[in-house]
Amino acid sequence: NAGVTQTPKFRVLKTGQSMTLLCAQDMNHEYMYWYRQDPGMGLRLIHYSVGEGTTAKGEVPDGYNVSRLKKQNFLLGLESAAPSQTSVYFCASTQTPGASYEQYFGPGTRLTVT
Amino acid sequence: AQRVTQPEKLLSVFKGAPVELKCNYSYSGSPELFWYVQYSRQRLQLLLRHISRESIKGFTADLNKGETSFHLKKPFAQEEDSAMYYCALRVSSNTGKLIFGQGTTLQVKP
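Residues numbered from 1 in each chain as written. Chains lettered and ligands numbered in written order. Predicted model: local features only at pLDDT ≥ 70, side-chain atom pairs only at ≥ 80, totals over all residues. Heavy atoms only, no water.

Focus on the state of the cysteines
Each disulfide consists of one covalent bond between the sulfur atoms belonging to two cysteines.
Next, step 1: What the rule picks out here adds up to two disulfides over all chains.
Next, step 2: Residue Cys23(A) pairs covalently with Cys91(A) via a disulfide, S to S 1.9 Å. Because the torsion about its S-S bond is -75°, the bridge between Cys23(A) and Cys91(A) counts as left-handed. Residue Cys23(A) is located in strand β3 (residues 19–25), and its partner Cys91(A) is located in strand β9 (residues 87–94); the two are separated by 68 residues in the primary sequence. Cys91(A) matches Cys23(A) in its accessibility class, with the two residues each being buried.
Next, step 3: Sulfur-sulfur distance for the disulfide between Cys23(B) and Cys87(B) comes to 2.0 Å. As the torsion about the S-S bond is roughly -65°, the Cys23(B)-Cys87(B) disulfide counts as left-handed. Of this pair, Cys23(B) sits in the loop between β3 (19–21) and β4 (24–26) while Cys87(B) sits in strand β9 (residues 83–90), placing them 64 residues apart in sequence. (Disulfide = S-S within 2.5 Å. Helix = DSSP H or I, 4+ residues; strand = E, 2+ residues; numbered from the N terminus. Buried < 20%, exposed > 50% of the residue type's maximum accessible area, 1.4 Å probe, protein only.)

Overview of the interface of chain B and chain A
Many authors give the size of an interface as the accessible area that is lost as the parts come together.
Next, step 1: Taken together, the contact between chain B and chain A spans 20 residues of the former and 23 residues of the latter.
Next, step 2: Counting the surface lost from both chain B and chain A, the interface buries some 1,800 Å², and carbon and sulfur atoms represent 55% of this.
Next, step 3: If you sort the residues of chain B by the area they bury against chain A, Arg43(B), Thr95(B) and Phe100(B) come out on top, with a joint share of 28%.
Next, step 4: Taken together, the links from chain B to chain A amount to zero salt bridges.
Next, step 5: The greatest single-element share of the side of chain B that touches chain A, amounting to four residues, is contributed by strand β5 (residues 32–38) of chain B.
Next, step 6: For the side of chain B that touches chain A, the class distribution of residues is eight nonpolar, seven polar and five charged. (Contact = heavy atoms within 4.5 Å. Buried area = accessible area lost by both parts, 1.4 Å probe. Salt bridge = Lys/Arg side-chain N within 4 Å of Asp/Glu carboxyl O. Nonpolar A, V, L, I, M, F, W, Y, C, P; charged D, E, K, R; others polar.)

This is the structure:
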């Protein structure tokens, strides 16, 4: 039982390049979230999904897109990377908000955009 | 406005000293608050939630609705408590969305 995994762990991009971050969970969780972590800013929600085939915007969605084609996977895409997107990205999942409320986090992806 | 504020970026104490990590929130509804912790080279994990009124690793946190606070306390800090601590507020019961504070780094010196 791996929990929440994220691929890749590290990535360096040049401005304008695109990439996709993959989050996978093996806990059969319905709800999944993408956050970014920046010094002094805490974690901020980018996008989230309340089930397969659904996505919604969070607090800071600009410049990102997401897809949830399979229940266990939640993809975060950067179409044209900018230096302001240099951050650590965390994925999280939870069964249902009404149950234990706990979000389980992945190990993070450190992205640098030059 | 929905907001979580952790006023201290860094809190440095000696081993055995009491610890209090401050968290204040702004929320119009009935708040549900959590403390998450991130130890070095580990992923973020739930430490405790106010609804459970539990004590985990010697830490407790009491919700004070009058002062809109949810401070995390431990009477005697240990070196292994050194970590980044985040206070979080659940702002939607349908989606489970959380708002996090800026985080406080706790450094426990020997």
